[in-house]
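Here's the letter readout for the chains.
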Amino acid sequence: MIPFSPPRMDQKIIDEVIATLKSGWITTGPKVKKFESALTNYGGHKDTLCVSSGSAGLELMLRWFGVKEGDEVILPAYTYTATANVVVHCGARPVFADIEDDFNISVKGIEKAITNRTKVIMPVDLGGFPCDYDEINHLVNRKEILEKFNPGSEEQKKLGRILILADAAHSIGAVYKNKKTGCLTDITVYSFHAVKNLTTAEGGAVCLNLPEQFNNSTIQQYLKVKSLHGQTKDAFSKAQIGGWRYDIIEPGYKFNMTDIQASMGLVELERYDSDMLVRRKEIFDIYSKAFERYNWAQIPVYETQFKKSSFHAYLLRIKAVSEEERDIIIQKIYERGVSVNVHFIPLPMMTYYKSLGYKMEDFPQTYNNYSHEISLPVYYDLSDDNLNQVIDAVVRSVGEVKR
Ligand SMILES: *Cc1c(COP(=O)(O)O)cnc(C)c1O
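Since the model is a prediction, treat every value here as computed from it, not as a measurement. (Residues numbered from 1 in each chain as written. Predicted model: local features only at pLDDT ≥ 70, side-chain atom pairs only at ≥ 80, totals over all residues. Heavy atoms only, no water.)

Caption draft 1: Highlighting the overall build of the chain. Looking only at helices and strands, the chain has 16 helices and 13 strands in total. For the chain, whose C-alpha radius of gyration is 22 Å, the value lies close to the compact-globule estimate of 22 Å for 403 residues. Overall, the C-alpha framework of the chain stretches about 75 × 55 × 40 Å when taken along its three principal axes. Looking at the chain as a whole, 56% of its 403 residues qualify as buried. In the chain, the share of contacts with a sequence separation of at least 24, taken over all contacts with a separation of at least 6, comes to 73%. When the accessible surface of the chain is split by element, carbon and sulfur atoms take 52% of a total near 17200 Å². Positive and negative side-chain charges in the chain, numbering 48 and 51 respectively, have mean positions lying 2 Å apart. (Helix = DSSP H or I, 4+ residues; strand = E, 2+ residues; numbered from the N terminus. Rg over C-alpha atoms; globule rule 2.2 N^0.38 Å. Buried < 20%, exposed > 50% of the residue type's maximum accessible area, 1.4 Å probe, protein only. Contact = heavy atoms within 4.5 Å. Areas by Shrake-Rupley, 256 points an atom, 1.4 Å probe, with all protein chains shown as cover. Lys, Arg positive; Asp, Glu negative; His and termini not counted. Charge placed at Lys NZ, Arg CZ, Asp CG, Glu CD.)

Have a look at this one:
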């Protein structure tokens, strides 16, 4: 069976993890600090906080901004449930917007969804392809949108407008107008979950890039405390001579990253652009070249004049099939020894989100993309032979369903 997306775990990572295990310090400490600076350099944003997961990073930032009951947060109907669940955790209402043909949130859809309760917009760079950040950043600064904004916390007053919190779980290293995700908007959150491009098994990072009325490094220091029980000293500082006394300034969270995770991340980040992204792009190009000749294939867009994907998920679409036919094709691909996936089952189709009153009919483009989509395996160790097997399995399976 060709797996869908196993992590790249080679000797270099194993050696680093073992070195950390033997170093005498395994939880949050010097390696996390080093990884944070490396990520700040990489993304080009102002400061970084490493956390235990992408979800934790998103929730931490909603909490930091004071999002609570009665507030609304706009996000695409087409995303993983993490993006919406964290909004629910804060007591606020997730408001779904439809997507565009490229799988990313529609800026027109965002505009229609904005009310005087909107506090945050969460664009998701689906599959690694950056959203329309110039348009989104511009939208929240428009006069009539600014006038609708009702600040409910100190941070909201200080920003004076809707916050953009980008879910870049798929898109570390993606480029928009010569800049990387991380510095494209106010706050960006990466995920380092095991299936993501850059993995620390579980983990995430908050990239701070707030405008000039905020001191991003002061906020980073505060968030470090907020992500560790509101405790004024982390375990590493407490372990230093005379460092035992600490205070609790608020009932914070347990969202910290460990040095074991950071040591994996450091190895991967160093070779990410020169090695990981190069191979992932090759895989995307091989798929596109193979499927282009079939008129049933809709090839995903992953490079344009202004945008370059991080090549996270290859979102192939099969034209003119029903959802049921797409599901049969997936079954046939599996039977040929290839794991595929669908990114994602839209949130309005999920029992919980249905119970909030969402209906799939209200998101036609989301349903359209979803019902034709099959995500193909993409991972560093996928060989050219494996790729040919995947292509062959897809072509034969589609051929059996679409005659
Ligand atoms: C994986 C993922 C997340 C959450 O990341 P975790 O690190 O697993 O918490 C958030 N959003 C999207 C779109 C994802 O795919």
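Don't stop here, the text continues.
Caption draft 2: Structural detail: the site of the ligand. Not every one of the 16 residues close to the ligand is listed here, only the nearest: Ser-55, Asp-167, His-170, Ser-191 and Lys-196. Here an oxygen atom of the ligand sits 2.7 Å away from a polar atom, N or O, in the side chain of His-170. Considered on its own, the ligand offers 380 Å² of accessible surface; in the complex 92% of this is hidden by protein. Those elements giving two or more residues to the shell around the ligand turn out to be helix 3 (54-64) and helix 4 (81-89). (Near = heavy atom within 4 Å. Polar contact = N/O pair within 3.5 Å; in protein donor to acceptor, adjacent residues only side chain to side chain.)

Caption draft 3: Here's a closer look at the environment of Cys-207. By the element assignment, Cys-207 lies in strand 9 (residues 204-208). Put simply, Cys-207 and Gly-265 are 58 residues apart on the chain and 15 Å apart in space, counted from C-alpha to C-alpha. Among all residues touching Cys-207, those that are not within four sequence positions of it are His-45, Asp-47, Gly-182, Asp-186, Ile-187, Thr-188 and Tyr-190.

Caption draft 4: Fine view of the state of the cysteines. Taken as a whole, this structure holds 0 disulfides when the rule is applied. As a non-bridged cysteine, Cys-90 has Cys-207 as the owner of its nearest cysteine sulfur, 19 Å distant. With no disulfide of its own, Cys-207 lies 8.9 Å from the sulfur of Cys-50, the closest cysteine sulfur. Cys-207 sits in the buried class, given a relative accessible area of 0%. (Disulfide = S-S within 2.5 Å.)

Caption draft 5: How the structure looks around the packing of helix 3 against helix 9 (residues 216-226). In the contact formed by helix 3 and helix 9, the axes pass within 11 Å of each other and the chain directions differ by 110 degrees. As far as their axial angle goes, helix 9 and helix 3 are roughly perpendicular. Where helix 3 crosses over helix 9, the two elements pack in a sense that is right-handed. Contacts between helix 3 and helix 9 pair Leu-60, Met-61, Arg-63 and Trp-64 from the former with Ile-219, Tyr-222, Leu-223 and Lys-226 from the latter. (Axes fitted to C-alpha atoms, helices over the stretch in contact; angles between N-to-C directions. Parallel < 35°, antiparallel > 145°, perpendicular 65-115°, else oblique. Left-handed = near helix turned anticlockwise from the far one by under 90°.)

Caption draft 6: Up close: the domain arrangement of the chain. You can read the domains of the chain as domain 1 (11-270) and domain 2 (272-401). The centre of domain 1, based on its C-alpha atoms, is set 27 Å off from the matching centre of domain 2. Taken together, the contact pairs 45 residues of domain 1 with 38 residues of domain 2. In total, about 3300 Å² of surface goes out of reach between domain 1 and domain 2, with carbon and sulfur atoms giving 57% of it. Across the contact surface, domain 1 and domain 2 share 3 salt bridges. (Domains from an automatic or database assignment. Buried area = accessible area lost by both parts, 1.4 Å probe. Salt bridge = Lys/Arg side-chain N within 4 Å of Asp/Glu carboxyl O.)

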